[in-house]
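Listed here are the chains, written in short residue letters.
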Amino acid sequence: MNGIFIIMASIVSLAVAQQSPVLIIPGTGGNRLEARLDKSEVPHFYCSKKADWYDLWLDVKQLLPGAIDCWCENIKLLYDAETSTFSNNKGVETRVPCYGDVCGIEYLDPSLKIGDSAYFHDIIQAFADKGYVRGENIVSAPYDFRYSAHSNKDDYVNATMTLAEDLYEKTGQKVLWVSHSMGGLWSHYILSKADQAWKDKYIEAWVPVAPAYGGTANEMKLFASGNNEGIPGVSGKTVREEQRSYESNFWLLPSLYLWDENEVLVTTPSRSYTSKDFADFFVDIGFPDGKQIYEAMKNEVYGLEDPGLPTFVRYGVGQETPASYEYTKAGDWDNGLKQTNEDGDGTVNRRSLEAGLAMKWENADHKAFDGEDHTSVLKNKDLIAELLELANA
Ligand SMILES: *[C@@H]1O[C@H](CO)[C@@H](O)[C@H](O)[C@H]1NC(C)=O
């Protein structure tokens, strides 16, 4: 009897030992961000001037009409054109909780266990059901999603490579690296900084889910008009300044590799703008700092070279996705907007999801899930089954 138990136990531990640890790189807005306030000015009497550490993202109550004005002031970045650097607004401190664990990505609003708030829950739970332990062999690298790789805030590239190395040392197995959305840009950037020997040693495979590799056309509207992201009772204009202030939104501009100079992204009664015209576009929408920010980044962070490791790109398609915008009233970026759509996952254009095909990446496998959108794909049962299989879970 005992003998059988010992044999069984050793089979079980052998199986467990072969499981790849999982490292998750979330998308923009895909992890919690905490703030502490000590402000002298607020936009309304009902906005807090002082607060101890609290969830600045995500707490859906803070996005309600009225409350969102306080939130915008607390989360927006300031840009200093003299030094070309970003910082928090005055009187605001921020920090990213749960680095090296999954508590920042499983539920974005910890009080809301459903819908998009349950961001990575299904995937994490599927691994937990196979014996994975949160914060041990399934972890994530959350980040301050207002910044791009250009600022590399909190030394994110190094920290995340170190996290992957630690996972490998701890488990003796190569890491299954999973990303979502803008996490795909971060992953691509980090992997482009790693040499081949590092990738071969530490990484089993990379699964970019819904990668926004080459950006999205809807960034044009976000910068010009603001994008209310479907929040009821909130206008684009309310969030425009806040959205313009994120360095990461520049990272998500349509890529020059995927949108050529003949393809119009925005038209107005007086001119049109293609991917070659971003500098003019920022000036014309009344945001000259945008030109400077874009020009500082443009030769550095938009590369689409072969990531050089087994890559399994997974994404939704068959959703109407913004392709271009027509502003019908001269000089008015708030009214009279017409949108043209193309295929994609509802947020990211198909060509961006499939940049690896256009760029002829050698070791990349692409699979589209018809009918899934940018976030629903994370809950797709076939995707989750494939992740478990890739990790040998
Ligand atoms: C991260 O930075 C530390 C300190 O500079 C260095 O020792 C380490 O090798 C770096 N790690 C990686 C993966 O580059």
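Look up a bit, the structure's there.
Procedures and definitions
Residues numbered from 1 in each chain as written. Predicted model: local features only at pLDDT ≥ 70, side-chain atom pairs only at ≥ 80, totals over all residues. Helix = DSSP H or I, 4+ residues; strand = E, 2+ residues; numbered from the N terminus. Contact = placed C-beta atoms within 7 Å. Axes fitted to C-alpha atoms, helices over the stretch in contact; angles between N-to-C directions. Parallel < 35°, antiparallel > 145°, perpendicular 65-115°, else oblique. Left-handed = near helix turned anticlockwise from the far one by under 90°. Nonpolar A, V, L, I, M, F, W, Y, C, P; charged D, E, K, R; others polar. Buried ≥ 20, exposed ≤ 12 C-beta atoms within 10 Å, placed from the backbone. Pairing = 2+ DSSP bridges. Expected span 1.5 Å × (residues − 1). Core = buried A, V, L, I, M, F, W, Y, C linked by C-beta atoms within 7 Å.

Enquirer: What should I look at first to understand the environment of Leu252 in this one?
Expert: You can see Leu252 is positioned in the loop between helix 9 (247–251) and strand 10 (266–267). Remark: the alpha-carbon pair of Leu252 and Asn218, spanning 34 residues in sequence, is separated by 9.1 Å. Filtering out sequence-adjacent residues up to four positions away, Leu252 remains in contact with Met182, Ala212, Gly215, Thr216 and Glu219.

Enquirer: So what exactly am I meant to see when it comes to the packing of helix 3 (residues 121–129) against helix 14 (residues 381–390) here?
Expert: Between two packed helices, what matters for the description is the angle formed by their axes and the separation of those axes. Look at helix 3 against helix 14: their axes get within 10 Å of each other, and the N-to-C directions meet at 45 degrees. One finds that helix 3 runs oblique with respect to helix 14. Along this stretch, helix 3 crosses helix 14, giving a crossing that reads as right-handed. Seen from helix 3, the contacting residues are Asp122, Ile123, Ala126 and Phe127; seen from helix 14, they are Ile384, Leu387 and Leu388. Per-class residue counts for the contact of helix 3 with helix 14 are six nonpolar, no polar and one charged.

Enquirer: Quick question: what am I supposed to make of helix 7 (residues 218–225) here?
Expert: Working note: α-helix, 3.6 residues per turn, so residues spaced by three or four point in the same direction. Across the eight residues of helix 7, eight count as buried, placing the element largely inside the fold. Among the residues of helix 7, Asn218, Glu219, Met220, Lys221, Leu222, Phe223, Ala224 and Ser225 are the ones counted as buried. Each element contacted by the buried residues of helix 7 is listed here: helix 8 (236–244), helix 9, strand 10, helix 11 (288–297), strand 13 (319–327) and strand 14 (337–344).

Enquirer: So what exactly am I meant to see when it comes to the sheet that holds strand 3 (residues 50–57) here?
Expert: In spatial order, the strands read 3-2-6; together these three strands make up an open sheet with antiparallel pairing. Each having just a single partner strand, strand 3 and strand 6 (92–95) make up the two edges of the open sheet. The sheet shows a mean angle of 25 degrees between the axes of neighbouring strands, taken without regard to direction. Two strands pair when backbone bridges link them, and strand 2 (residues 33–38) and strand 3 are joined in this way by five bridges, in the antiparallel orientation. Each residue of the ladder has a partner; that of Leu37, found in strand 3, is Ala51.

Enquirer: Just checking my understanding: could you explain the packing of helix 2 (residues 67–75) against helix 8 for this structure?
Expert: Interaxial distance between helix 2 and helix 8 falls to 9 Å at its minimum, and their mutual angle equals 10 degrees. The orientation of helix 2 relative to helix 8 falls into the category roughly parallel. Across the interface between the two elements, Ile68, Cys72 and Ile75 from helix 2 touch Thr238, Val239, Glu241 and Glu242 from helix 8.

Enquirer: I'm lost on unusual backbone geometry in this one. Help?
Expert: Backbone phi values are negative for most residues with the exception of glycine, while trans is the configuration of most peptide bonds. Between Trp57 and the following residue, Leu58, the backbone shows a cis peptide bond with an omega angle of -5 degrees. As for its placement among the helices and strands, Leu58 is situated in the loop between strand 3 and helix 2. One non-glycine residue, Asp154, adopts positive backbone phi at about 55 degrees. Note on placement: Asp154 falls in the loop between strand 7 (138–140) and helix 4 (156–171).

Enquirer: What is the right way to read the sheet that holds strand 1 (residues 22–25) from this model?
Expert: In a beta sheet, neighbouring strands are held together by backbone hydrogen bonds and run either parallel or antiparallel to one another. Taken together, the six strands give an open sheet; going across it, the order is 7-1-8-9-12-15, and neighbouring strands pair in parallel fashion. Each of the sheet's edge strands pairs with one partner strand only, and the pair in question is strand 7 and strand 15 (364–370). Each adjacent strand pair in this sheet contributes to an overall mean axis angle of 20 degrees, direction not counted. One ladder, built from four bridges, connects strand 1 with strand 8 (residues 175–180); its direction is parallel. Of the residues in strand 8, the one forming a bridge with Ile24 is Val178.

Enquirer: Sorry if this is basic, but what is going on with the pairing of strand 9 (residues 203–209) here?
Expert: Within a regular strand, side chains alternate between the sheet's two faces. Within strand 9, five of the seven residues are buried, which leaves the element mostly enclosed by the surrounding structure. Two elements, strand 8 and strand 9, share six bridges in a ladder whose sense is parallel. Residue pairing in the sheet places Val175 in a bridge with Ile203 of strand 9. Two elements, strand 9 and strand 12 (residues 311–317), share two bridges in a ladder whose sense is parallel. The residue of strand 12 that forms the bridge with Val209 is Arg314.

Enquirer: Got a minute to help me understand helix 5 (residues 182–193) in this structure?
Expert: Its 12 residues give helix 5 an end-to-end C-alpha distance of 17 Å, which sits within 8% of 16 Å, the value for a rise of 1.5 Å per residue. With 10 of 12 residues buried, helix 5 lies mostly within the body of the structure. Every buried residue of helix 5 is accounted for by Met182, Gly183, Gly184, Leu185, Trp186, Ser187, His188, Tyr189, Ile190 and Leu191. Contacts made by the buried residues of helix 5 are with strand 1, helix 4, strand 8, helix 6 (196–202), strand 9 and helix 9.

Enquirer: Got a minute to help me understand the nonpolar core in this structure?
Expert: For soluble globular proteins, the rule of thumb is that nonpolar side chains tend to be buried together. Of all hydrophobic cores here, the largest spans 94 residues; its most connected members are Val22, Leu23, Phe120, Val175, Val178, Val209 and Val266. Considering each element in turn, this core owes the most residues, six residues, to helix 5. Each residue touching Val266, except ones within four places of it in the same chain, is listed here: Met220, Ala224, Ser272, Tyr273, Phe281, Ser324, Tyr325 and Tyr327.

Enquirer: What is the right way to read the environment of Tyr54 from this model?
Expert: Tracing the sequence through the fold places Tyr54 in strand 3. Exposure remark for Tyr54: the 13 C-beta atoms within 10 Å place this residue in the partly exposed category. Distance from Tyr54 to Tyr294, taken between C-alpha atoms, is 32 Å for residues 240 residues apart in sequence. If we skip the residues at most four places from it in the chain, Tyr54 touches Glu34 and Ala35.

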